[in-house]
Each structure stands twice: as structure tokens, then as C-alpha cells.
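So the chains spell out like this:
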Amino acid sequence: MSLLQLRDVSVTYRVASGEVPAVRGVSLDLAAGQALGVAGESGSGKSTLAMALLRLLPRDARVTGEILLDGEDVLTMKWGRLRAVRWASASVVFQGAQHALNPVRRIDEQIAEPLLVHGKATAAQARRRVAELLEQVGLPAWRGRNYPHELSGGQRQRVMIAMALACSPRLIIADEPTTALDVMIQAQVLTLIRSLIAEHGISMIMISHDLSVLASMCDRLAVMYAGQVVEHGPSREVFADARHPYSRALSAAFPTVGDPASRLSPRGLAGDPPDPMHLPSGCSFHPRCDVALPSCASRPIELWPAGEGRRAACVHVLPDPALPEDLPAGSGE
Ligand code: ATP
Ligand code: MG
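Residues numbered from 1 in each chain as written. Chains lettered and ligands numbered in written order. Predicted model: local features only at pLDDT ≥ 70, side-chain atom pairs only at ≥ 80, totals over all residues. Heavy atoms only, no water.

## Looking at the pairing of strand β2 (residues 18–31)
Relative to β2, strand β1 (residues 2–15) runs antiparallel, the two sharing ten bridges. What sits directly across from leucine 6, in β2, is leucine 28. Hairpin remark: β1 followed by β2, antiparallel, with two residues in the connecting loop. (Pairing = 2+ DSSP bridges. Helix = DSSP H or I, 4+ residues; strand = E, 2+ residues; numbered from the N terminus.)

## Some points on empty space enclosed by the protein
A complete count under the given rule lists four cavities of 30 Å³ or more for this structure. Along the walls of the largest cavity sit 14 residues, with Cys283, Cys289, Cys296, Cys314 and Val315 positioned nearest its centre. The residue makeup of the lining of the largest cavity, split by class, is eleven nonpolar, three polar and no charged. Every residue lining the second largest cavity is listed: Leu4, Leu6, Leu28, Asp29, Leu30, Leu36, Val38, Leu49, Ala50, Leu53, Ile205 and Ile207. Breaking the lining of the second largest cavity down by element, the ones donating at least two residues are β1, β2, β3 (35–39), α1 (46–53) and β8 (203–208). (1 Å grid on protein atoms, 1.4 Å probe; cavity = no way out; pocket = protein on both sides within 12 Å on 5 of 7 lines; lining within 4 Å. Points joined across faces, edges and corners; volume = space filled by probe spheres on them. Nonpolar A, V, L, I, M, F, W, Y, C, P; charged D, E, K, R; others polar.)

## Focus: helix α6 (residues 183–200)
If you check α6, its first and last C-alpha atoms are 26 Å apart, about what 18 residues at 1.5 Å a residue would give, namely 26 Å. At its buried positions, α6 is contacted by β3, α4 (123–136), α5 (153–165), β8 and α7 (211–217). At the C-terminal side of α6, glycine 201 shows a positive phi close to 60°. (Expected span 1.5 Å × (residues − 1). Contact = heavy atoms within 4.5 Å.)

## Description of the packing of helix α3 (residues 107–117) against α4
Between α3 and α4, the shortest axis-to-axis distance is 9 Å and the interhelical angle comes to 120°. It follows from the interaxial angle that α3 and α4 lie oblique. Crossing angle aside, the handedness with which α3 passes α4 is right-handed. Together, Ile107, Asp108, Ile111, Ala112, Leu115 and Leu116 of α3 and Ala123, Ala126, Arg129, Val130, Leu133 and Leu134 of α4 make up the contact between the two elements. (Axes fitted to C-alpha atoms, helices over the stretch in contact; angles between N-to-C directions. Parallel < 35°, antiparallel > 145°, perpendicular 65-115°, else oblique. Left-handed = near helix turned anticlockwise from the far one by under 90°.)

## Topic: the site of ligand 1
Ser42, Gly43, Lys46, Ser47 and Thr48 are the nearest of the 16 residues found near ligand 1. Separating an oxygen atom of ligand 1 from a side-chain N or O atom of lysine 46 is a distance of 2.8 Å. At 2.5 Å from an oxygen atom of ligand 1 is found a side-chain nitrogen or oxygen belonging to threonine 48. Within the complex, the protein chains bury 70% of what would otherwise be the 640 Å² of accessible surface of ligand 1. Counting residues per element, the ones that place at least two in the shell around ligand 1 are β1 and α1. (Near = heavy atom within 4 Å. Polar contact = N/O pair within 3.5 Å; in protein donor to acceptor, adjacent residues only side chain to side chain. Areas by Shrake-Rupley, 256 points an atom, 1.4 Å probe, with all protein chains shown as cover.)

## Points about the pairing of strand β6 (residues 90–93)
Side-chain alternation along β6 places Ala90 and Val92 on one buried face and Ser91 and Val93 on a second face that is also buried. Examined bridge by bridge, β6 and strand β7 (residues 171–175) share four bridges and lie parallel to one another. Each residue of the ladder has a partner; that of valine 93, found in β7, is alanine 174. (Buried < 20%, exposed > 50% of the residue type's maximum accessible area, 1.4 Å probe, protein only.)

## Notes on the packing of aromatic side chains
Within this structure, the stated rule accounts for three aromatic pairs. Seen from their ring centres, tyrosine 246 and phenylalanine 285 are 5.4 Å apart, and the 65° between their planes marks the pair as edge-to-face. Remark: phenylalanine 285 occurs in the loop between α10 (260–264) and β11 (304–305) and tyrosine 246 occurs in helix α9 (residues 245–252); sequence separation between them is 39 residues. Linked through ring pairs, Tyr225, Tyr246 and Phe285 together constitute an aromatic cluster. (Phe/Tyr/Trp six-rings, centres within 6.5 Å; stacked < 30°, edge-to-face > 60°.)

## Topic: the nonpolar core
Core analysis: the largest hydrophobic core is formed by 56 residues, its most contacted members being Ile111 and Met206. Looking at this core, the element that brings in the most residues is α5, giving seven residues. Apart from residues no more than four positions distant in its own chain, isoleucine 111 is found in contact with Val130, Leu133, Leu134, Val159, Ala162, Met163 and Ala166. In terms of nonpolar packing, the next biggest core, distinct from the first, is built from 37 residues, Val20, Leu36, Ile67 and Leu75 among them. (Core = buried A, V, L, I, M, F, W, Y, C linked by side-chain atoms within 4.5 Å.)

Put into C-alpha cells, the structure is as follows:
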């Protein structure tokens, strides 16, 4: 059975000038022990989706659909149950998380906190568990007595991973866990995450704008564009042989690690992502697409089967993509 099932999940932020549809109709499955990568440009809705999974969004966000964790809908869960599920069943390593550590408390106190808050350990047990967790993330036990400012960025991110592991969750949601780190440290932290999830059989959702990182870390990939999943499938196949023109652009021109400009737009892809409050009609990607047909501006688009275990929201995966209006005048007469 799937550990996590998303059914038609949408998230809308209410703002002064109207509503921002940040996530639109996302349906995905994650099997126990599997890692799913979510890719997409800045603003495509990746973090919004990740936060929705544990109801961590601000009050002005409205979430619809179903988010089933072990068959239980997170969206209708009572508050007490939700608190237990956070950390204990699933935990999050946030984007830029190393800045989330409390500057005036020692590392060991901060790692022990979820254990104590959730009543998982006595003070003595928590001390032993903290030493074990520090060792698992490759930090010597004495680092526990440090304050966050005494650690490097990479060491702080290791502490965040130790905190996420503390209550032995079944699912870790990692939102750009290495973006703020330099290239060498990124590789070390990614290797650490990969070995820890494999060793403990933890499922993972990892979010990144870098498809190459996700392809190396995850079993499956989902590519998001303007709040929608436009392609999903086994990661190596999606990376090497993308079926949606947007995923093709992402994988062909995957950003240079550490180049801030490359975060904004994949090289080789013209134009900007759409403003979510003024989405194009038909396929949201059609204004930037180099293989768009005239009908892509108006026809309904869905995630069509695109090979074994794969789906893509592009008419070109259909056996006969063209509609009569796409054919040159007079053809077929
Ligand atoms: P990045 O790669 O930059 O982290 P992302 O894919 O994680 O981007 P989100 O942060 O999920 O994107 O944002 C998706 C959309 O929702 C964007 O258009 C963003 O402006 C909008 N958005 C995010 N948070 C809020 C909020 N609190 N209120 C209103 N709109 C928001
Ligand atoms: Mg984000």
C-alpha cells in the first residue's frame, strides 16, 4: 500500500488583490521506502505542496483534495492527531533550514526537544539518543554542547537532519536541503541523506530545482510547472528521456550548481513562468513551448499515459496529437 497518496490536491493563497492558485490538482503516490523528487522552477509550487502535506501553510492558504498518510486524511485530522503525526510519522527539513536553529540554545537541547515534547524519551534516554543521532549525521558528540553560530553551514544542516530523524519518522520531506551550501558540502550532505534513508527504510520527498540532483537521489520524479504536475515517472527515464517539453528543457539545461542566475530560469528556455493570477488558457506551458500546436492554447490538457509507469501532460504523447484546427487549411480534403 502507498505510504502517501495525494488526490487532486490544490492550494490557493488569498491575497489583497485576489487568489493565487499555487498548487493545482496534484495527484501522486509514494510507496513505503521510496524516494520521490519534485522539480520545477522558482514559484512552481514545490514548497507550497510540501508544506500542505503536514498542514504547515499559513492561515491564508486554502487546501482542497485528499492527503492520505497511511490511509488517514491529513486535511481532516483533529489537531491532537496532527501534532502526533508531525515529527513522529513525517518530518520536514526546510528550505534554508539551518537558519531555523535557535541561536541561544545548545545543539543537543534542540535535537532532544522533539523527543521530549512528544513524550518519546526520558531526559537520560534523550541524551543517549542525541549522541547516537549526532554520530549518524557524522558529527562528534561534543558538538552537541555548541551553539549554532559555532558550527559551519554544512554542520548546521547535519543538525537539522538529526532533528528530522529524532523520532524515527517513516517519511522525510526535504525542501532544497542543500541549496544554501557550497558544492563540496552539498555533495556530502546529499550522500548522507541517501545513506540514512536507505539504512532506516525511510521514504522521502525531496524538492529541488536541479533535476540532476533529484535523478541521483530519487526513485521517481515529478516535474511541476505553474502549480501542476506536468510529468512523472521513474527518475532515470524522466531525466534521460523526458516526454514533456518543459521537463526536457529542465533536464537538457540543468542549472549549474551554485550559479544563482540558473535558479531563476533553465538556460535554453525562453520567457518566464506565468503569473499564477493570470494563467494562460489551455496548456499553461504553451506560450513558452517550441512544439506547441495552435490547439494547445485552448484544449483541455491532462496527464496522459506516456510509457510504463509514466505520465505526461503534453498532447505529443497521444498517438494522434493534432486536432482539425492544427492541420494546414485544405489538408485531408
Ligand atoms: P522556489 O523554488 O523559489 O522555492 P517554489 O516552487 O517552492 O519556489 P512556492 O514557494 O510554493 O514555490 O510558491 C508558489 C506560488 O505561491 C508563487 O507564485 C508564490 O508567489 C506564491 N506564494 C507562496 N507563498 C505565498 C503566500 N504566503 N501568500 C501568497 N502567495 C504565496
Ligand atoms: Mg520553495
